[in-house]
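Chain by chain, the residues run as shown.
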Amino acid sequence: MDMISALQLRPTGPRAGGQVVLVGTGPGDPELLTVRALRLIERAEVALFDNLVAPEILALLPPNAERIYVGKRRNNHSMRQEDINALMVDLARRGHCVLRLKGGDPFVFGRGGEEIQTLAAARIPFQVVPGITAAIGASAYAGIPLTHRDCAQACIFVTGHLQDGSIDLDWPALARPRQTVVIYMGLLGLPLLCARLIAHGRAPQTPAAIVQEATRPGQRVVVGTLGSLPGEVARAGLRAPTVIVIGEVVALRQELNGYANQTAGETITTG
């Protein structure tokens, strides 16, 4: 039986055969949900959701669905990851079909790998429904292609901080030319990130942009260079969540203004 059929049954009382489905809800715009994600959300029985799951997506849950917030913000975790893992196992063992809603894609800086390791160890059946990751949403809605044959034959996704709050990246690899670097969760570390890339050979004039709340009504885009971006972001007062895009592809946005103006949000262009 697949998850959709299981959700349709909605048995009552003690049950067996629970399972967990990790569902990527994308970067925020509910129109970017996959068809499968939408079907599961509309039939959900129990939903565990992160802080990056948009309110418009939560509104698609059935009125009688149990909603459990397990979101994590920097230095403010409503529930430890270990407790989230244990809760999923407990709910599934009680026979529930558990929807684990995650912003973006579960396997791109979403701790999905950690969660399914726990489920597998506990012998809990699980499925994973991919979602559009934030970098792809930001690229499309800000009018910045992540690759282009003229200037970027590779694209690298990295996270701006580790579990212990530090930044430990392969700077020489990230500073190589003809590639795009996308940094998740890098807003607070932006001055250090830009300085390290410049120190390892990336030119201060390298185009760079940061997108706040990609695909959401509050989307804002600040466009500048490695040298100018930290100061411009501070002046603009951006807030998380953000995605940083570094590379020559950012300069292409000037040619795509007609397209970019059709997408959500405000743009601040700097030198």
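Anything mentioned here points back to the structure above.
Reading the values: the criteria
Residues numbered from 1 in each chain as written. Predicted model: local features only at pLDDT ≥ 70, side-chain atom pairs only at ≥ 80, totals over all residues. Heavy atoms only, no water. Axes fitted to C-alpha atoms, helices over the stretch in contact; angles between N-to-C directions. Helix = DSSP H or I, 4+ residues; strand = E, 2+ residues; numbered from the N terminus. Parallel < 35°, antiparallel > 145°, perpendicular 65-115°, else oblique. Left-handed = near helix turned anticlockwise from the far one by under 90°. Contact = heavy atoms within 4.5 Å. Nonpolar A, V, L, I, M, F, W, Y, C, P; charged D, E, K, R; others polar. Buried < 20%, exposed > 50% of the residue type's maximum accessible area, 1.4 Å probe, protein only. Salt bridge = Lys/Arg side-chain N within 4 Å of Asp/Glu carboxyl O.

1. Some thoughts on the packing of helix α4 (residues 81–93) against helix α5 (residues 112–121)
Relative to each other, α4 and α5 sit at 45°, their axes nearing to 10 Å. When the interaxial angle is binned, α4 and α5 end up oblique. Considering how the two elements wind past one another, α4 and α5 form a crossing that is right-handed. Touching Q81, I84, N85, M88 and V89 of α4 are E114, E115, T118 and L119, all from α5. Within the contact of α4 with α5, the residues separate by chemical class into four nonpolar, three polar and two charged.

2. A word on unusual backbone geometry
A cis amide bond links A240 to the next residue, P241, at an omega of 5°. Position of P241 relative to the elements: it lies in the loop between α9 (229–236) and β12 (242–246). The backbone of R123 sits at a positive phi, close to 60°, despite the residue not being glycine. If you trace the backbone, R123 turns up in the loop between α5 and β7 (126–129). In this structure R123 comes out as exposed when scored by relative accessible area, which is 76%.

3. Quick word on the pattern of salt bridges
Here the structure, examined in full by the defined rule, presents nine salt bridges. Close ionic contact of R80 with D83 constitutes a salt bridge, the shortest N to O distance being 3.3 Å. A relative accessible area of 33% places D83 in the partly exposed class. The shortest N-O distance in the salt bridge between E232 and R235 comes to 3.0 Å. Of the two residues, E232 and R235 both sit in helix α9, three residues apart, roughly one turn of that helix. A residue is classified by how much of its surface remains accessible, and R235, at 61% relative accessible area, is exposed.

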